[in-house]
Amino acid sequence: MDMELPGHTYSFKVLGQVYVSLIVLSALMVGFAMLPMEKLPIDWLDLHLVKRLLILGVAVAMAGIVAGFLMGLKYEKSKLNAVVFLTNFAFLLIFLLFVLADISFRGAMDPSFTKQLNWKSPVNAEEGSSGEASH
Amino acid sequence: MSTATAGSLQEHEVAHHFEDLEQEFESHRFGMWLFMASEIMMFGALLTGGLFLLYLHPDAFAQGRAHLDWRLGALNTFFLLTSGFTMARAAAFAQKAEQGKVRTNLLLSLALAAGFLVVKCIEYKAKFHHGLLPGNAFHGAGFTSPHAHIFFGYYFVTTGLHALHVLVGMGLMIWCLKVSNRVRFTRAYYTPVEMAGIYWALVDLVWIFLFPLLYLVG
Amino acid sequence: MTAHAENINYLKTTRGLKSWLTTVDHKRIGLMYLASILVFFITGGLYAMLFRLELWSPEKNFLTPDQYNNFFTLHGVIMVFLVVVPGIPGALGNFVLPLQIGAKDLAFPKLNLTSLYLYWIGAALAIISLFAGHADSGWTFYAPYSLSKNPAVLWMLTAAFILGFSSILTGLNFIVTIHKMRAPGMTWFRMPLFIWALYATAIMQVFATPVLGITLILLLVENFFHIGIFDPALGGDPILMQHFFWFYSHPAVYIIVVPGFGIASELISAFSKREIFGYKFIAYSSVAITIIGFLVWGHHMFVAGQSEVADTIFSFLTFFTAIPSAIKVFNWTTTLYKGSISLQTPMLYGLQILFNFTIGGLTGIILAILSVDIHLHDTYFVVSHFHYVAMGTTMIAFIGGVHYWWPKMTGKMFNEFWGRLASILVFIGFNTTFFVQLIMGSQGSPRRYYHYLKEFQIYHQISTTGILILATGLFMALINLLLSLRGPSNAPQNPWGARTLEWEVAETPPVLFNFKETPVVTHGPYEFATEKS
């Protein structure tokens, strides 16, 4: 065959290693979750958050393995699809960060706005209270 | 090459608007990836919504999670990872032109995917039984958070959408089985199995994030 | 396919309705998109005319308040989801893209047909919604307005979901085609700027539309099962819904306008017979707009109740959109300088884009200022700003593009006199309609209101007069184009003397696979002989 072969040639050995590492990592993920880490006598650190970040880290590692080996990003000649994949995460990170910038700071300037929106809007609340007072 | 069926199988022909197999394969792969990108954006946004709700109602998530069985989740993780492995093997055998083993691995993946759905059904049934349902239908006992129903609403939406993708993935596997009866896979042409494999890896990918968000943290 | 069939005009290869409905030829699909989009453009426009006539005086004229809400919702949904978003990519992009890069077809011809069918299914669902009651949530489907289980809104949500799918598939097809199917010699920087614009658009379609998809799914589920993610009564967060919605819909505004920029670049260069000034800047500015477009969605939510920190960040980032937009306007203007300008019909539309977009862009900057926006939010100022961009830039570009490629599509020349007259009427009508709305809005007249204060009546009346002039111009242009179909096939291969592949190499109308043999590109898209040899 004189033309170029499309894609990359799969290796059974690598596939086996990928599979084993994914299983080990998912066990690790469950392990982290089960670990009674928040009971440690450390108060200068949000241990719930540490735990979540550890679990997230494992998930990201697993995602990297799946995308790299099972979806073949590692073997690409042009890194086009890898760029697409990373763009995805960039956009999602933007989405997450900005949404958090909203929710984390709600009520920072006006205490009448709580984290969960105060559905009696400040305008109506004033009217309502003055109305009650007049009765 | 599996000689028994080789005679009746056709060779793949390059479509009229492509120059060669390489261009065709690369275009298909790139197109598939862009489709995956849109799927990732969709699930990613849904997961971001989940994190937002987790932040808004931490109690609801903590109490809701206590009512999910992580062992069933882990079993499903195992099913999906294993089926991802067999799908990749199917593509590898397609490259070696071993049509029979491609089929075996596709059937294995299909069985594992079905296993995933069975476990999912068992979980859903338990939720229905205990009244752990979204919105007004919620009547679970022992919750102190007034927003616990949101956790279950979110649980049903995300796992339901994911299960729908599992079904589509199973459809793709069946389609690959059908193609394998007609066209000979070779090192030069294994596109259908590769594409189904990429799709199935996405189903894995989503579950890898969904599993900890719903079953482990909260 | 015989060798003979490949070498005749694509309109004549096969005949009959079935051959069109099952075609995978991008040119025929483009024409079918064009016809469908024109139908919906007229429909959406008629709704606008009806409620503008209702606003002739503050009291009730001939529409009830309920009908009025319904009509502006229908105008919005039809124009956004069925006209401007799929408009230029679906109709003109489909037809022109493979021709301009020297490909035989798009990478996935069947997928292309699928997205047309999805468009039709979405359109059919939108029509069902017309008969299912009064959709009254506005095109933004804000929760909790859209959570009242109104059947018309539910059908509309489903329609928008399907249309989103169609848009994703079109974008995907374009990106793959541009990456993988370019003719030999067609390097990235020899691509016409219309292709760059479509590429930037397609990126947004693929990456942003899925977020709309999940938003609409969640709204539907919320309607039926009350999951409480968006519904404040159940502990959900309606602002989260707005984040979801605008994460798509702000890029969608650029999905709407960026292809219009691409057409403007083509028109202005071709009719000035001058190489476009700052080619790379215009190309990169399209990509820059794409990226910035993903960072600014929160400026739609300044008064919605999101945190002040988020407000400030979004306001700050929004100013950056001015940079790529201004690069384009300045470069187009500079291209005109010392060009040999011929004021033919497509160019008249090209110049209108320059005028209208300058107003549309600058009013956008005004709205990005946090404190000013609190005054202007939800007034006619915003309506006018949006229409200067979506109608004044995109639809004008669409109409200009249709005139520009009409000879290539049909093989017929339209009447130049009526074409020019129509474009002048469109210009006058459009600006009469919307410029007064800027004044009215800056004085605080709120949008979407059925009644208004008596002192705003004169503005409303001017605006309504404007829309009548605009409609006259648009119908004149349409009739002029349609009448040319009855005339002789007199279009030369390159009536405008442009340098891009579809004019220089492809026949008029093109053959089935676009080119008799694969073209080899040896020069850039705008290298006119007057300048360089």
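Residues numbered from 1 in each chain as written. Chains lettered and ligands numbered in written order. Predicted model: local features only at pLDDT ≥ 70, side-chain atom pairs only at ≥ 80, totals over all residues. Heavy atoms only, no water.

1. Points about the overall build of chain C
When helices and strands are tallied, chain C shows 17 helices and 0 strands. The C-alpha atoms of chain C give a radius of gyration of 23 Å, which matches the 24 Å a tight globule of 533 residues would have. Its C-alpha atoms give chain C principal-axis dimensions of about 65 × 50 × 45 Å. By the burial criterion, 65% of the 533 residues in chain C qualify as buried. A fraction of 81% describes how many contacts in chain C between residues 6 or more apart in sequence connect residues 24 or more apart. Summed over its atoms, the accessible surface of chain C is roughly 18,000 Å², and 70% of this surface lies on carbon and sulfur atoms. Computed over 28 positive and 24 negative side-chain charges, the inter-centroid distance for chain C is 13 Å. (Helix = DSSP H or I, 4+ residues; strand = E, 2+ residues; numbered from the N terminus. Rg over C-alpha atoms; globule rule 2.2 N^0.38 Å. Buried < 20%, exposed > 50% of the residue type's maximum accessible area, 1.4 Å probe, protein only. Contact = heavy atoms within 4.5 Å. Areas by Shrake-Rupley, 256 points an atom, 1.4 Å probe, with all protein chains shown as cover. Lys, Arg positive; Asp, Glu negative; His and termini not counted. Charge placed at Lys NZ, Arg CZ, Asp CG, Glu CD.)

2. Overview of the overall build of chain A
Across its full length, chain A holds 4 helices and 0 strands. For chain A, the residues scored as buried account for 34% of the 135 residues in total. Long-range pairs, those at least 24 residues apart, make up 45% of the contacts in chain A with a sequence separation of at least 6.

3. Structural notes on the environment of C:Thr363
Residues and elements named next belong to chain C. Tracing the backbone shows Thr363 in helix α12 (residues 345–368). As a C-alpha pair, Thr363 and Pro144 span 219 residues in sequence and 30 Å in three-dimensional space. Setting aside residues up to four positions removed in sequence, Thr363 forms contacts with Phe381, His385 and Leu438. A distance of 3.1 Å separates the side chain of Thr363 from the side chain of His385, its partner in a polar contact. (Polar contact = N/O pair within 3.5 Å; in protein donor to acceptor, adjacent residues only side chain to side chain.)

4. Notes on helix α11 (residues 322–336) of chain C
Because an α-helix packs 3.6 residues into every turn, residues spaced three or four apart end up facing the same way. All names here are of chain C. The end-to-end C-alpha distance of α11 is 21 Å, a good match for the 21 Å that 15 residues give at a rise of 1.5 Å each. Among the residues making up α11, those that are buried are Pro324, Ser325, Lys328, Val329, Asn331, Trp332, Thr335 and Leu336. An end-on view of α11 places all buried positions within 165 degrees of arc, on one side of the element. Buried residues in α11 make contact with α8 (238–272), α9 (279–293) and α12. (Expected span 1.5 Å × (residues − 1). Arc of directions from axis to C-beta.)

5. Quick notes on the interface of chain C and chain B
Contacts between chain C and chain B engage 35 residues on the former and 33 residues on the latter. Between chain C and chain B the total buried area reaches about 2,900 Å² when both faces are included, carbon and sulfur atoms providing 78% of it. If you sort the residues of chain C by the area they bury against chain B, C:Lys180, C:Ile214 and C:Ile227 come out on top, with a joint share of 16%. Counting every contact that joins chain C to chain B gives 0 salt bridges. Seen at the junction of chain C and chain B, the total is 7 residue pairs in polar contact (both at pLDDT 80 or more). Breaking the side of chain C that touches chain B down by element, the ones donating at least two residues are α6 (151–180), α7 (193–225) and α8 of chain C. With 9 residues, the top contributor of residues to the side of chain C that touches chain B is α7(C). Counted by class, the side of chain C that touches chain B contains 25 nonpolar, 6 polar and 4 charged residues. (Buried area = accessible area lost by both parts, 1.4 Å probe. Salt bridge = Lys/Arg side-chain N within 4 Å of Asp/Glu carboxyl O. Nonpolar A, V, L, I, M, F, W, Y, C, P; charged D, E, K, R; others polar.)

6. Side note on the side chain of C:His385
Looking at where C:His385 falls in the secondary structure, it is placed in helix α14 (residues 380–410). Look past the residues within four positions of C:His385 in its chain and what remains in contact with it is C:Gly360, C:Thr363, C:Gly364, C:Leu367 and C:Leu438.

7. Details of the interface of chain B and chain A
Taken together, the contact pairs 51 residues of chain B with 49 residues of chain A. Counting each side, the surface lost to burial between chain B and chain A is near 4,800 Å², with a carbon and sulfur contribution of 77%. When the buried surface of chain B facing chain A is broken down by residue, B:Trp33, B:Tyr55 and B:Arg187 rank first, second and third, together holding 14% of it. Across the contact surface, chain B and chain A share 2 salt bridges. Here B:Arg29 and A:Glu76 are joined by a salt bridge, their closest N and O atoms 2.9 Å apart. Our enumeration of links across chain B and chain A arrives at 10 residue pairs in polar contact (both at pLDDT 80 or more). Contributions of two or more residues to the side of chain B that touches chain A are made by α2 (21–56), α4 (70–95) and α7 (191–216) of chain B. Top contributing element to the side of chain B that touches chain A by residue count: α2(B), with 20 residues. Grouping the constituent residues of the side of chain B that touches chain A by class yields 35 nonpolar, 9 polar and 7 charged.

8. Digging into the confidence of the model for chain A
Residue and element names in this part refer to chain A. Within chain A, residue pLDDT values average 81, and 81% of them lie at 70 or more. When pLDDT is averaged over each element of chain A, helix α1 (residues 12–34) comes out on top at 95 and helix α4 (residues 122–134) at the bottom at 40. Between residues 120–135, whose pLDDT stays under 50, and residues either more than four places distant or in other chains, the model counts 3 contacts. (pLDDT = per-residue confidence, 0-100.)

9. Describing the nonpolar core
Within the largest apolar cluster, 311 residues are counted, with the highest numbers of intra-cluster contacts made by A:Met71, C:Phe81, C:Phe141, C:Trp297 and C:Phe398. If one sorts the elements of this core by residue count, α7(C) sits on top with 23 residues. Contacts of C:Phe398, omitting those with residues within four sequence positions, involve C:Leu34, C:Ile37, C:Leu38, C:Gly87, C:Ile88, C:Ala91 and C:Leu92. (Core = buried A, V, L, I, M, F, W, Y, C linked by side-chain atoms within 4.5 Å.)

10. Let's talk about the packing of helix α6 (residues 148–182) of chain B against α7(B)
Residue and element names in this part refer to chain B. Direction vectors running N to C along α6 and α7 enclose 160 degrees, while the axes themselves pass 10 Å from each other. When the axis of α6 is compared with that of α7, the two are roughly antiparallel. You can see that α6 and α7 cross each other, and the crossing is left-handed. Taken together, the residues that form the contact of α6 with α7 break down as 23 nonpolar, 5 polar and no charged. (Axes fitted to C-alpha atoms, helices over the stretch in contact; angles between N-to-C directions. Parallel < 35°, antiparallel > 145°, perpendicular 65-115°, else oblique. Left-handed = near helix turned anticlockwise from the far one by under 90°.)

11. Some thoughts on the packing of aromatic side chains
Applying the stated criterion to the full structure yields 68 aromatic pairs over all chains. Relative to C:Tyr279, the ring of C:Phe189 has its centre 6.4 Å away and its plane inclined at 75 degrees; by these criteria the two rings are edge-to-face. One end of the pair, C:Phe189, is in the loop between α6 and α7; the other, C:Tyr279, is in helix α9, with 90 residues separating them in the sequence. Residue C:Phe189 is classed as partly exposed on the basis of its relative accessible area, which comes to 30%. Through a chain of ring-to-ring contacts, three or more aromatic side chains come together here, namely A:Phe91, A:Phe95, A:Phe98, C:Phe207, C:Phe230, C:Phe244, C:Phe247, C:Phe294, C:Trp297 and C:Phe314. Sitting over the ring of C:Trp20, C:Arg28 keeps its end group 4.4 Å from the ring centre. (Phe/Tyr/Trp six-rings, centres within 6.5 Å; stacked < 30°, edge-to-face > 60°. Lys NZ or Arg CZ within 6 Å of the ring centre and 35° of its normal.)

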